[in-house]
Every structure is written in structure tokens, then in C-alpha cells.
Amino acid sequence: LFSWGYEARLVAWRGDSAAAENALQRTRSLTELAPQQPLPLSSALVGWADWLLWEGQLDAAVAAAREAVALGSVSGYDTAEPLAVLCRAEADVAERTRRQGGRPESSVHIDLTNRLGDVKREPAPRAIAFSATCDAELSRGSGERTPVPWHHALQAWQAAGDPYREACARWRLAWRTS
């Protein structure tokens with residue numbers, strides 16, 4: 001079960017959508033046999049949502065990320081990454097909505113802020129970094145163009161030792177300061 005979940009995530013990150021979808025479906029079917037183990041399916045859904053975001057399929061990404069968050073977990077640590085992907089997806093949707101002349105739903109921001117409470121209590125460096133990323137994405141989703149939350153996310157990812165996510169935070173920070 002765990003190997004299928006992680007395989008789904010990794011092949012999605014490599015951009016192999018067919019293999020990712022296959023591994024996601026396999027993980028989903030195995031999770032039905034062991035519903036007490038939501039982490040592998042959540043991991044697979046996070047990878048799938050990330051791929052969908054890169055492909056510009058925002059609504060599908062939101063749905064996958066929401067499903068990952070809804071699976072729940074035993075700790076805020078395990079919820080941190082799915083929530084960060086959901087915050088990113090919702091911020092992308094909010095930006096799209098503003099570009100199209102609409103107003104993003106404020107209830108989404110409130111819901112995400114409430115969910116973030118469990119993650120903020122986690123002391124692990126990755127959870128802290130995901131929490132900082134959520135704060136930055138919530139700021140972006142609300143239309144703010146301040147670099148401060150992205151600077152905090154960048155520092156948190158440096159402390160967590162994740163060069164990829166550090167680069168993503170750096171990219172957002174650069175856009176905010178331009």
C-alpha cells in the first residue's frame with residue numbers, strides 16, 4: 001500500500017500522468033482494503049494534485065488536494081503537505097478568479113486558516129515549513145503582494161533542508177518583490 005502511494009507521487013512529479021493515474025487508482029483500491037491507513041492515498045493524491053497544478057488544471061487539483069486533506073491523519077505533521085498543496089491550489093484559483101473579474105470566495109480562506117491550526121502546533125521543521133508555505137499561499141490567495149510571508153517560507157524551507165521547496169519559495173518571493 002505504501003509503496004504504491006509513493007510510486008504514484010513520484011511518477012506524478014516526474015510528469016508521467018498515465019503511470020501516476022494507474023498508481024493512484026491502485027493505491028485507492030488498496031486503501032479500500034485498509035481504510036485505517038489513509039497516508040499512502042493522501043501521498044498519492046498530493047503528487048497528483050501537484051501535477052495537475054503544473055498542467056494548469058486548477059479545479060481538478062483543488063478536488064484532489066481536498067480529498068487528500070479530507071482523508072485526515074493521526075497528526076498535524078501528516079496533514080501539513082496536503083494542506084500546503086490545497087492552499088497553493090486555492091490561491092491559484094483565487095488569482096484566476098480575480099483575473100476574470102470575479103471575487104474569490106472568502107469562506108475558502110477561512111476554512112484553510114482553521115485547518116492550519118493543527119499544523120502550526122507541530123514542532124518538526126518540515127511541518128513548520130509547510131505551515132509557513134500555507135500562510136504565504138493564503139496571503140497570495142487573498143490578493144496581497146507582500147514578500148514577507150514568502151521570506152518566512154523560504155527561511156523555513158532552508159531550515160528544513162529541502163532545496164526543491166526552498167527554490168519554489170524563492171520563485172514566489174522573487175515574483176512578489178518584482
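Residues numbered from 1 in each chain as written. Predicted model: local features only at pLDDT ≥ 70, side-chain atom pairs only at ≥ 80, totals over all residues. Heavy atoms only, no water.

A. A look at the environment of Ala-70. Within the secondary structure, Ala-70 is located in helix 4 (residues 58-70). Judged by relative accessible area, Ala-70 falls into the exposed class, the value being 60%. Taking the C-alpha atoms as reference, Ala-70 lies 9.3 Å from Pro-82; in sequence the two are 12 residues apart. (Helix = DSSP H or I, 4+ residues; strand = E, 2+ residues; numbered from the N terminus. Buried < 20%, exposed > 50% of the residue type's maximum accessible area, 1.4 Å probe, protein only.)

B. Main features of the packing of helix 1 (residues 2-13) against helix 2 (residues 17-33). Interaxial distance between helix 1 and helix 2 falls to 8 Å at its minimum, and their mutual angle equals 160°. Considered as vectors, helix 1 and helix 2 are oriented roughly antiparallel to each other. Considering how the two elements wind past one another, helix 1 and helix 2 form a crossing that is left-handed. In contact with Trp-4, Gly-5, Glu-7, Ala-8, Val-11 and Ala-12 of helix 1, helix 2 contributes Ala-19, Ala-20, Ala-23, Leu-24, Arg-26, Thr-27 and Leu-30. (Axes fitted to C-alpha atoms, helices over the stretch in contact; angles between N-to-C directions. Parallel < 35°, antiparallel > 145°, perpendicular 65-115°, else oblique. Left-handed = near helix turned anticlockwise from the far one by under 90°. Contact = heavy atoms within 4.5 Å.)

C. Highlighting the environment of Ala-94. Position of Ala-94 relative to the elements: it lies in helix 5 (residues 76-99). Note on Ala-94: relative accessible area 6%, which makes it buried. Taking the C-alpha atoms as reference, Ala-94 lies 24 Å from Trp-157; in sequence the two are 63 residues apart. Not counting chain neighbours up to four residues away, the residues in contact with Ala-94 comprise Pro-104 and Gly-141.

D. Representation of the side chain of Arg-172 in the model. By the secondary structure assignment, Arg-172 is in helix 9 (residues 163-177). Taking the relative accessible area as the measure of exposure, Arg-172 reaches 13% and is therefore buried. Leaving out residues up to four positions away in the same chain, Arg-172 has contacts with Arg-88, Asp-92, Glu-137, Arg-140 and Trp-150.

E. Representation of helix 5 within the structure. Across its 24 residues, helix 5 extends 33 Å between first and last C-alpha, which sits within 8% of the 34 Å expected from 1.5 Å per residue. Of all the bends in helix 5, the largest measures some 25° and sits at Pro-82. Burial within helix 5 is extensive, with 18 of its 24 residues counted as buried. Where helix 5 terminates, the next one or two residues include Gly-101, which has phi positive at roughly 85°. (Expected span 1.5 Å × (residues − 1). Bend = angle between axes of the 7 residues up to and from the residue.)

F. Broad picture of the packing of helix 5 against helix 7 (residues 125-141). Running from N to C, helix 5 and helix 7 point in directions that differ by 15°, and their axes come no closer than 8 Å. Taken as axis vectors, helix 5 and helix 7 run roughly parallel relative to one another. In the packing of helix 5 onto helix 7, the handedness of the crossing is left-handed. Facing helix 5, whose interface residues are Tyr-77, Ala-80, Glu-81, Leu-83, Ala-84, Cys-87, Arg-88, Ala-91, Asp-92, Ala-94, Glu-95 and Arg-98, helix 7 presents Arg-126, Ala-127, Phe-130, Cys-134, Glu-137, Leu-138, Arg-140 and Gly-141. Looking at the contact of helix 5 with helix 7 residue by residue, the classes come out as 11 nonpolar, 1 polar and 8 charged. (Nonpolar A, V, L, I, M, F, W, Y, C, P; charged D, E, K, R; others polar.)

G. The arrangement of the pattern of salt bridges in detail. Under the counting rule described, the total for this entry stands at 18 salt bridges. As a salt-bridge pair, Glu-67 and Arg-28 come within 2.4 Å of each other at their nearest N and O atoms. On the criterion of sequence distance, the pair formed by Glu-67 in helix 4 and Arg-28 in helix 2 is long-range, its members being 39 residues apart. Its salt-bridge partner being Glu-95, residue Arg-176 comes within 3.6 Å of it at the nearest N-O pair. With Arg-176 in helix 9 and Glu-95 in helix 5, this residue pair connects regions lying 81 residues apart in the sequence. Connected through salt bridges with shared partners, the residues Asp-92, Glu-95, Glu-137, Arg-140, Arg-172 and Arg-176 form a single ionic network. (Salt bridge = Lys/Arg side-chain N within 4 Å of Asp/Glu carboxyl O.)

H. Structural context of the nonpolar core. Ranked by size, the top nonpolar core spans 47 residues in total, and within it Trp-48, Leu-83, Leu-86 and Leu-112 carry the most contacts. Among the elements that line this core, the one with the most residues is helix 3 (residues 39-54), at 9 residues. (Core = buried A, V, L, I, M, F, W, Y, C linked by side-chain atoms within 4.5 Å.)

Any functional reading would require information beyond the geometric quantities listed.
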